[in-house]
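# Observations on chain architecture
Now for the letters of each chain:
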Amino acid sequence: MNVYEMPNGSPVFIAFRSSTKKNVQYDDVPDYKDRLSLSENYTLSIKNARISDEKRFVCMLVTEDDVSEEPTIVKVFKQPSQPEILHQADFLETEKLQMLGECVARESYPAGNVTWYKNGKVLQPVEEVVVINLQKIVDKSTGLFTMTSSLQYMPTKEDANAKFSCIVTYYGPSGQKTIQSEPVVFDVHYPTEKVTIQVLSQSSTIKEGDNITLKCSGNGNPPPQEFLFYIPGETEGIRSSDTYVMTDVRRNATGEYKCSLTDKSMMDSTTITVHYLDLQLTPSGEVTKQIGEALPVSCTISSSRNATVFWIKDNTRMQTSPSFSSLQYQDAGNYICETTLQEVEGLKKRKTLKLIVEGKPQIKMTKKTNTNKMSKTIVCHVEGFPKPAVQWTVTGSGSIINKTEETKYVNGKFSSKIVIAPEENVTLTCIAENQLERTVTSLNVSAISIPEYDEPEDRNDDNSEKVNDQAKLIVGIVVGLLLAALVAGVVYWLYVKKSKTASKHVDKDLGNIEENKKLEENNHKSET
């Protein structure tokens, strides 16, 4: 027989089972209708446990001789729901105590406790800093508890990104247990304590023509949205958002830039250097000069840093700067003076000089008999710019020779060559003409039977050196012979002079002897 006790101690019979009869009898108790089950080994089971089932149950064994009882107390537990942080603050402000949120855990039995955590550490109540208030409300219809814990908190700047959570502690059949809420991060607002100005640029250096973007920022949260920018040359700050843009800057933009909060507190500054590079080439463009003239050339650089300057002529880099004291045809060409600032990307300047060296045609004619002795080669060497047109004629007949060969026109020079086999002496005329002048030169050429050997126009440098060496040797020999003849002449002159002096002395002596002889003869005649 099973009974339970009412709060006043009176028993209420709920189930009976006889040892002889196998049937079970359940008393008509509304609270346990259809919820009880008494097994053959006299185990009483209660389905769909309720808070009201927490009471003292008694098992009674009734025999003919005696009645024995064994009581037991049934405890009922209900795990609460996972706690949630509700009514969360939109943001937190430093130095201000405010409601952070409420931690709510529902349908618990018995009632549990709620603990707040920050970054995994327990938040202990601190006056005017951490204020916690816990409420436990029971649902009269179910007997279950709802725990609500509110947290008032005064955050600091370091609480930015801090994780707040709460844990509910409850009791179950096996002892104490806990359930944790999902962590929550709050936006912590704090005032700006420092202002920073930055130069936003794709390059580490700034040059003329670039755009400059200044960015001012404060370390507060939320960050300031407006600032005052101070530009060199401006007395008042310029109100702007957190960025200020200057386009196509010039060198006068170099200087100190500042920004501050709109109340002019907390200022920061930075220095900007706008690099520049100027190049002045004198003369420049197309310049025409006459051969032999002087042409001073200067390439002047003005820059914010030391610049590298180099010259290019006809796409070839020059080792030195050009200087023209006496212009030659080979000096003509396209000159470029180029300069760069190596530390400043993209800062490069160049200017060009197209030099034209003009000259009237100059002619030199040469002739030689070819090795086969069957023909002669006559060459007209021509200099001049613009390139002269060459025409050959035979003097006397006036006929024009069209069969000619020309060499390549290089540095204002070229040659025109004809090969002839004259049967008699002829005079050939070479005419060279350009826009400046017409030059005519003639050369007498003997018949093919008479060999002629002018200086060949195609001798190489080795032959030139040999001829020069031979000429030097001949000159040396001639000078030596002249010196020897001079010495011999001097010696001979001295010898002749000495001989004449000696002759005079001999004649004088002979005269004295003759006079003595005549005196002796006269004396002898007187004596007789």
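Per chain, residues are indexed from 1 in the order of the written sequence. This being a predicted model, a pLDDT of at least 70 is required before a residue's local features are given, and a value of 80 or more before pairs of side-chain atoms are given or counted; all residues contribute to the totals for chains, interfaces and linings. As a rule here, side-chain values come from all non-hydrogen atoms in the structure, and water together with hydrogens is ignored.

### Examining the overall build of the chain
Helix and strand definitions follow DSSP, with helices as H or I runs of at least four residues and strands as E runs of at least two, each counted in order from the N terminus. The helix and strand inventory of the chain stands at 1 helix and 41 strands. For every residue, the accessible area obtained with a 1.4 Å probe (protein chains only) is divided by the maximum for its type, and the residue is called buried under 20%, exposed over 50%, and partly exposed between those limits. Within the chain, the fraction of its 528 residues that count as buried is 32%. Put simply, of all contacts in the chain between residues at least 6 apart along the chain, 57% involve residues at least 24 apart. Every accessible area reported is derived by Shrake-Rupley at a probe size of 1.4 Å, with residue values counting cover from the shown protein chains alone. Counting every atom, the chain has about 33700 Å² of accessible surface; 50% of that belongs to carbon and sulfur. Contacts are residue-level and defined by heavy atoms, with any inter-residue pair within 4.5 Å sufficient.

### Things to note about the state of the cysteines
Any two cysteine sulfur atoms lying within 2.5 Å of each other are counted as a disulfide. Taken as a whole and judged by the stated rule, the model has 4 disulfides. Put simply, Cys103 and Cys166 are joined by a disulfide, and their sulfur atoms are 1.9 Å apart. Given an S-S torsion of about 75°, the disulfide between Cys103 and Cys166 has right-handed geometry. Placement of the pair is Cys103 in strand β10 (residues 98–108) and Cys166 in strand β15 (residues 163–172), with a sequence separation of 63 residues. On the basis of relative accessibility, which here comes to 0%, the residue Cys103 falls in the buried class. A sulfur-sulfur distance of 1.9 Å marks the disulfide that ties Cys380 to Cys430. Between Cys380 and Cys430, the S-S dihedral sits near -85°, and the bridge is therefore left-handed. In this pair, Cys380 sits in strand β35 (residues 376–385) while Cys430 sits in strand β40 (residues 426–433), placing the two residues 50 residues apart along the sequence. Judged by relative accessible area, Cys380 falls into the buried class, the value being 0%. The buried category is assigned to Cys430, whose relative accessible area is 0%. Sequence-ordered numbering of the bonded cysteines in the chain yields a pairing of 1-2, 3-4, 5-6, 7-8.

### Thoughts on the packing of aromatic side chains
Two aromatic rings, drawn from Phe, Tyr or Trp (for Trp, its six-membered ring), form a pair once their centres lie within 6.5 Å of each other, and the interplanar angle then sorts them: stacked below 30 degrees, edge-to-face above 60, tilted otherwise. Here the structure, examined in full by the defined rule, presents 7 aromatic pairs. Centre to centre, the rings of Phe324 and Tyr335 are 5.7 Å apart; their planes meet at 75°, and the pair counts as edge-to-face. Pair noted here: Phe324 is in the loop between β32 (316–317) and β33 (333–340) and Tyr335 is in strand β33, with a separation of 11 residues, a long-range link. Following the ring pairs from residue to residue traces out a cluster consisting of Tyr153, Phe164 and Phe186. Counting as a charge over the ring demands two things of the Lys NZ or Arg CZ atom: a distance within 6 Å of the ring centre and an angle within 35 degrees of the ring normal. The ring of Phe310 carries the charged tip of Arg317 above its face, separated from the ring centre by 4.0 Å. The ring of Phe414 is capped by Lys387, whose NZ or CZ atom sits 4.9 Å from the centre of that ring.

### Topic: the pairing of β40
Two strands are counted as paired when DSSP detects at least two bridges linking them. By the bridge criterion, 6 bridges tie strand β36 (residues 389–394) to β40 in an arrangement that is antiparallel. Across the sheet, residue Val390 finds its bridge partner in β40, namely Ala432. The pairing of β40 with strand β41 (residues 438–445) spans 8 bridges and is classified as antiparallel. Residue pairing for β41: Ala432 is matched across the bridge by Thr439. Hairpin connection from β40 to β41: 4 residues lie between these consecutive antiparallel strands.

### So, the confidence of the model for the chain
Confidence scores per residue from the predictor, reported as pLDDT, run from 0 to 100. With 85% of its residues at a pLDDT of at least 70, the chain reaches an overall mean of 85. Predicted confidence for residues 456–472 stays below pLDDT 50, and this span has 7 contacts to residues more than four positions away or in other chains. Note on residues 499–528: pLDDT under 50 across the span, and 0 contacts to partners over four residues away in sequence or across chains.

### Looking at the layout of surface pockets
Which parts of space are left empty comes out when a probe the size of a water molecule is rolled across the atoms. Of the volumes computed, that of the second largest pocket is approximately 190 Å³. Think of a 1 Å grid over just the protein atoms. A cavity is a set of points where a 1.4 Å probe fits yet cannot get out, a pocket is an open set with protein on both sides within 12 Å along at least five of seven lines, and lining residues have an atom within 4 Å of a point. Around the second largest pocket, the lining is made up of 13 residues, and of these Tyr329, Ala332, Gly333, Phe385 and Tyr409 lie nearest the centre. Taken together, the residues of the lining of the second largest pocket sort by class into 8 nonpolar, 4 polar and 1 charged. Grid points are joined across faces, edges and corners, and a volume is the space filled by probe spheres set on the points. Charged means Asp, Glu, Lys or Arg here, nonpolar means Ala, Val, Leu, Ile, Met, Phe, Trp, Tyr, Cys or Pro, and polar covers whatever is left, Gly included.

### As for the nonpolar core
Joining through side-chain atoms within 4.5 Å is the link that ties buried Ala, Val, Leu, Ile, Met, Phe, Trp, Tyr and Cys residues into a set, and such a set is a nonpolar core. Leu100, Trp116, Leu123, Leu151, Tyr153 and Phe164 are the most contacted members of the largest nonpolar core, which has 23 residues in total. Counting residues per element, this core draws most heavily on β15, which supplies 4 residues. With 18 residues, the next largest nonpolar core counts Ile206, Cys259, Leu261 and Val274 among its residues.

### Digging into the environment of Leu123
Its location among the elements puts Leu123 in the loop between β12 (121–122) and β13 (130–138). It is 9.6 Å that separates the C-alpha atoms of Leu123 and Leu151, two residues lying 28 residues apart in sequence. Among all residues touching Leu123, those that are not within four sequence positions of it are Trp116, Tyr117, Lys118, Val130, Ile132, Leu151, Tyr153 and Phe164.

### Quick word on the sheet that holds strand β14 (residues 145–153)
Hydrogen bonds between backbone atoms are what pair the strands of a sheet, whose relative direction is either parallel or antiparallel. Read from one edge to the other, the open sheet built from 4 strands follows the order β8-β10-β14-β13, with strand pairing classed as antiparallel. Edge positions in the sheet fall to β8 (84–86) and β13, since each of these pairs with one other strand and no more. Looking at each pair of strands side by side, their axes are set apart by 25° on average, direction ignored. Sheet analysis places β10 next to β14, joined by 8 bridges and oriented antiparallel. Looking at β14, one finds that Ala105 is bridged to Met147. Here the axes come from fitting lines to C-alpha atoms, over the contacting stretch only for helices, and the angles between their N-to-C directions go from 0 to 180 degrees.

### Some words on unusual backbone geometry
Put simply, Asn221 and Pro222 share a cis peptide bond, and its omega is 0°. Structurally, Pro222 can be placed in the loop between β21 (212–218) and β22 (227–230). Unusually for a residue other than glycine, Glu128 sits at a positive phi of about 65°. Looking at where Glu128 falls in the secondary structure, it is placed in the loop between β12 and β13. Within the chain, Asp314 stands out as a residue other than glycine whose phi angle is a positive 50°. Here Asp314 shows up in the loop between β31 (308–313) and β32.

### A closer look at the pairing of β15
Where burial is concerned, most of β15 is hidden: 8 out of the 10 residues are buried. Pairing geometry for β15 and strand β17 (residues 184–185), over 2 bridges, is antiparallel. Directly across from Lys163, in β17, lies its bridge partner Val185. As paired strands, β15 and strand β16 (residues 175–180) are joined by 6 bridges and run antiparallel to one another. In the strand pairing of β16, Thr169 is matched with Thr178. Counting the residues that bridge the hairpin from β15 to β16 gives 2 residues.

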